[in-house]
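The primary structure of each chain is shown beneath.
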Amino acid sequence: MQNRLGNSRLALLLIGIIYIAIVTWLVPRGTLDADEGFYCAAARRVMQGSLPYRDFGYTQTPALAYLNGLVMEVTGFGFVRQRAVNAGWALATLLVIYRLGCVVGDRYPALIAVWVTTWSLPWIYNAMLGKAYGATGLFLSLAALAIYEQWKYRSRTWLFAIAAAIAIGCRLTIAPMLGVPVSYTHLRAHETRHDLVCR
């Protein structure tokens, strides 16, 4: 058991190094997206005290501007730094994918899922773009993890609610995707009650 855990950690470390190498090469070289300046400017404006919608036009829900703005207050503002922040959200997403795979199945399939995702250059490119994909993916993954994690019901509910609210706060169009796990959880709870009543 201890040997398997050590092997998993070593594999995760290797995957992390590969991911960082890919991102280090890709962040300054990727094609500039038309919306990246918009998101970077919004992050800077909210950190200067401006409010989205009131003080400047903003076409998304506002959480990403605040999330990236808080981090870029430390790292500095700019296209490359914004991409590095989003690459950080994507790295955290890989860790959540690994944890989700371990909870649902086993370490080795979880490692395979993370390995395949790490080598998906389109995924890395879109996640690290100065847009909402990196942070949205992280909080969407955390919401999924909350459904399967073995914590107390109240803790899982809080994690799901907070992660789902931030994910929707980053990108409104993913709200319907969160309806699927909510429906699944509701149906699973209903089946459990039905089984208890019928026995």
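Residues numbered from 1 in each chain as written. Predicted model: local features only at pLDDT ≥ 70, side-chain atom pairs only at ≥ 80, totals over all residues. Heavy atoms only, no water.

### Let's talk about the overall build of the protein
Phase 1: Within the protein, the secondary structure is distributed over 9 helices and 0 strands.
Phase 2: Tracing the protein from N to C terminus, the helices and strands come up as α-α-α-α-α-α-α-α-α.
Phase 3: Every one of the 199 residues in the protein was classed for burial, and the buried ones make up 41%.
Phase 4: Across the protein, contacts joining residues at least 24 apart in sequence account for 66% of those joining residues at least 6 apart.
Phase 5: Only carbon and sulfur atoms are counted for the fraction: they give 67% of the accessible area of the protein, which is about 11300 Å². (Helix = DSSP H or I, 4+ residues; strand = E, 2+ residues; numbered from the N terminus. Buried < 20%, exposed > 50% of the residue type's maximum accessible area, 1.4 Å probe, protein only. Contact = heavy atoms within 4.5 Å. Areas by Shrake-Rupley, 256 points an atom, 1.4 Å probe, with all protein chains shown as cover.)

### Observations concerning the packing of aromatic side chains
Phase 1: Here the structure, examined in full by the defined rule, presents 7 aromatic pairs.
Phase 2: Arranged with centres 6.3 Å apart and planes meeting at 80°, the rings of Phe56 and Tyr58 form a pair that is edge-to-face.
Phase 3: Look at Tyr58 and you get buried, because its relative accessible area is 7%.
Phase 4: When the ring of Trp115 is compared with that of Trp119, the centres are 5.8 Å apart and the planes differ by 65°; the resulting orientation is edge-to-face.
Phase 5: Overall, the relative accessible area of 35% leaves Trp115 in the partly exposed class.
Phase 6: Of the aromatic side chains, those joined through ring pairs into one cluster are Phe38, Tyr39, Tyr53, Phe56 and Tyr58. (Phe/Tyr/Trp six-rings, centres within 6.5 Å; stacked < 30°, edge-to-face > 60°.)

### Remarks on the nonpolar core
Phase 1: By size, the foremost hydrophobic cluster in this structure holds 33 residues, and its most contacted members are Tyr58, Leu64 and Phe160.
Phase 2: Within the residue set of this core, elements represented by two or more residues are α2 (36-47), α3 (63-75), α4 (79-104), α7 (133-148) and α8 (153-170).
Phase 3: Counting residues in each nonpolar core, the second largest holds 18 residues, with Ala90, Leu94, Tyr98 and Leu111 among its members. (Core = buried A, V, L, I, M, F, W, Y, C linked by side-chain atoms within 4.5 Å.)

### Looking at helix α6 (residues 121-128)
Phase 1: What α6 keeps buried is the set Ile124, Ala127 and Met128. The buried residues of α6 all sit within an arc of 90° when viewed along its axis, so they share a single face. (Arc of directions from axis to C-beta.)

### Here's the deal with α3
Phase 1: Compared with the 18 Å implied by 1.5 Å per residue over 13 residues, the 18 Å span of α3 between its first and last C-alpha is a close match.
Phase 2: Restricting attention to buried positions, one finds in α3 the residues Ala63, Leu64, Ala65, Leu67, Asn68, Gly69 and Met72.
Phase 3: Immediately beyond the C-terminal end of α3, within one or two residues, lies Gly76, with a positive phi of roughly 100°. (Expected span 1.5 Å × (residues − 1).)

### Quick notes on the pattern of salt bridges
Phase 1: According to the stated counting rule, one finds 5 salt bridges in the structure shown.
Phase 2: The partner of Glu36 in a salt bridge is Arg83, and the shortest N-O contact between them spans 2.8 Å. Linking Glu36 in helix α2 with Arg83 in helix α4, this pair joins segments that are 47 residues apart in sequence.
Phase 3: Given a relative accessible area of 0%, Glu36 falls into the buried group.
Phase 4: The shortest N-O distance in the salt bridge between Asp55 and Arg54 comes to 3.0 Å.
Phase 5: One connected set of salt bridges, linked through shared partners, spans Asp33, Asp35 and Lys131. (Salt bridge = Lys/Arg side-chain N within 4 Å of Asp/Glu carboxyl O.)

### A closer look at the environment of Ile15
Phase 1: Tracing the backbone through its elements, the reader meets Ile15 in helix α1 (residues 2-26).
Phase 2: Ile15 sits in the buried class, given a relative accessible area of 4%.
Phase 3: Each C-alpha atom of the pair Ile15 and Leu94 lies 9.5 Å from the other, and the pair is 79 residues apart in sequence.
Phase 4: Not counting residues within four places of it along the chain, the set of residues in contact with Ile15 comprises Leu111, Val114, Trp115 and Thr118.

### Here we look at the packing of α7 against α8
Phase 1: Here α7 crosses α8 at 160°, and the two axes come no closer than 8 Å. Taken together, α7 and α8 sit at an angle that is classed as roughly antiparallel. For the crossing formed where α7 meets α8, the hand is left-handed. Residues Ala135, Thr136, Phe139, Leu140, Leu142, Ala143, Ala146 and Ile147 of α7 pack against Arg156, Leu159, Phe160, Ala163, Ala164, Ile166, Ala167 and Cys170 of α8. (Axes fitted to C-alpha atoms, helices over the stretch in contact; angles between N-to-C directions. Parallel < 35°, antiparallel > 145°, perpendicular 65-115°, else oblique. Left-handed = near helix turned anticlockwise from the far one by under 90°.)

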